[in-house]
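# Structural overview for review
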Amino acid sequence: MNQDTADRGRDVKRFGALFILVGLVDMLIIEFFPNYALKLFGLTITGPLAYPVKLHSPAVHFLIGYGFVFLRPWAWGLAMAYGGFGLTSEFMNQLQFGFHYLRTGFMAATFLFLCYAAWRRTLFVDTVPPAHRRASSTPEVPS
């Protein structure tokens, strides 16, 4: 393996490992603190739907982490969309529940991460042009 290939995107792959770790921590928090009420878009989520709604966070963190570790083309868009989701939700939470320095720090860190991901977006480009891809292993369903 070429050294350039091995080093390709090492920084992004480390972010991926961090996302996987954050997904694990999210799962532990959800399990150990089941009464924690998640705040999304200025609303506090409680009741029987709270648990499945809270599970979106570790699920997306695991997906982004996997995609970043293996430099999957879809991971960049998912990370940008989820970052926008987080910024919008947190902005609405600040309007509804008041200013808090930790939430503001989360917003600043998310914004900086999105800028970094935008700068490194070329790592997520599918390097095999469509004409040179292998045929699908499953046959097309005739219409």
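Each remark here, short or long, concerns the structure printed above.
In what follows, the accompanying structure is described. (Residues numbered from 1 in each chain as written. Predicted model: local features only at pLDDT ≥ 70, side-chain atom pairs only at ≥ 80, totals over all residues. Heavy atoms only, no water.)

## Here we look at the overall build of the protein
Helix and strand counts for the protein come out as 6 helices and 2 strands. Put simply, the protein runs from its N terminus to its C terminus through helices and strands in the order α-α-β-β-α-α-α-α. In the protein, once contacts between residues fewer than 6 apart in sequence are set aside, the share between residues at least 24 apart is 67%. Within the structure as shown, the protein displays about 9,900 Å² of accessible surface, and the carbon and sulfur contribution to it stands at 69%. (Helix = DSSP H or I, 4+ residues; strand = E, 2+ residues; numbered from the N terminus. Contact = heavy atoms within 4.5 Å. Areas by Shrake-Rupley, 256 points an atom, 1.4 Å probe, with all protein chains shown as cover.)

## A look at a nonpolar patch on the surface
A cluster of nonpolar side chains, contributed by Leu-18, Ile-20, Leu-21, Leu-24, Val-25, Leu-28, Ile-29, Phe-32, Phe-33, Tyr-36 and Phe-62, occupies part of the molecular surface with about 1,000 Å² of accessible area. Sorting elements by how many residues they give to the nonpolar patch places helix H2 (residues 10-32) first, with 8 residues. Its place among the elements puts Leu-21 in helix H2. Classification of Leu-21 by relative accessible area gives partly exposed; the value is 47%. (Patch = residues over 30% accessible without salt bridge, like charges linked within 9 Å, V, L, I, M, F, W, Y side chains within 5 Å. Salt bridge = Lys/Arg side-chain N within 4 Å of Asp/Glu carboxyl O. Buried < 20%, exposed > 50% of the residue type's maximum accessible area, 1.4 Å probe, protein only.)

## Overview of the pattern of salt bridges
If you walk through the whole model with that rule in mind, you get 2 salt bridges. With its nearest N and O atoms 3.2 Å apart, the salt bridge here joins Arg-103 to Glu-90. Residue Arg-103 is located in helix H6 (residues 101-119), and its partner Glu-90 is located in helix H5 (residues 73-97); the two are separated by 13 residues in the primary sequence.

## Points about unusual backbone geometry
Look at Phe-41: it is not a glycine, yet its phi comes out positive at around 50 degrees. Classification of Phe-41 as partly exposed rests on a relative accessible area of 29%. We note that Leu-71 has phi near 50 degrees; this positive angle belongs to a residue other than glycine. Inspection of the secondary structure puts Leu-71 in the loop between helix H4 (56-69) and H5. For Leu-71, a relative accessible area of 10% puts it in the buried group.

## A look at the side chain of Gln-94
Note on placement: Gln-94 falls in helix H5. Using a relative accessible area of 13% as the deciding quantity, one classes Gln-94 as buried. A distance of 3.1 Å separates the side chain of Gln-94 from the side chain of Thr-104, its partner in a polar contact. (Polar contact = N/O pair within 3.5 Å; in protein donor to acceptor, adjacent residues only side chain to side chain.)

## Topic: H2
Between the first and last C-alpha of H2 there are 33 Å, a value that for 23 residues agrees with the 33 Å anticipated at 1.5 Å per step. Regarding H2, the residues found buried are Val-12, Gly-16, Phe-19, Gly-23, Asp-26 and Ile-30. The elements touched by buried residues of H2 are helix H3 (50-54), H4 and H6. (Expected span 1.5 Å × (residues − 1).)

## Observations concerning the environment of Arg-14
Relative to the assigned elements, Arg-14 resides in helix H2. We classify Arg-14 as exposed; its relative accessible area is 54%.

## Description of the packing of H4 against H5
Across the interface, H4 lies against H5 with an axial gap of 8 Å and an inter-helix angle of 145 degrees. Here H4 and H5 pass one another in a crossing that is left-handed. Seen from H4, the contacting residues are His-56, Ser-57, Val-60, His-61, Leu-63, Ile-64, Tyr-66, Gly-67 and Phe-68; seen from H5, they are Trp-74, Ala-75, Trp-76, Leu-78, Ala-79, Tyr-82 and Phe-85. (Axes fitted to C-alpha atoms, helices over the stretch in contact; angles between N-to-C directions. Left-handed = near helix turned anticlockwise from the far one by under 90°.)

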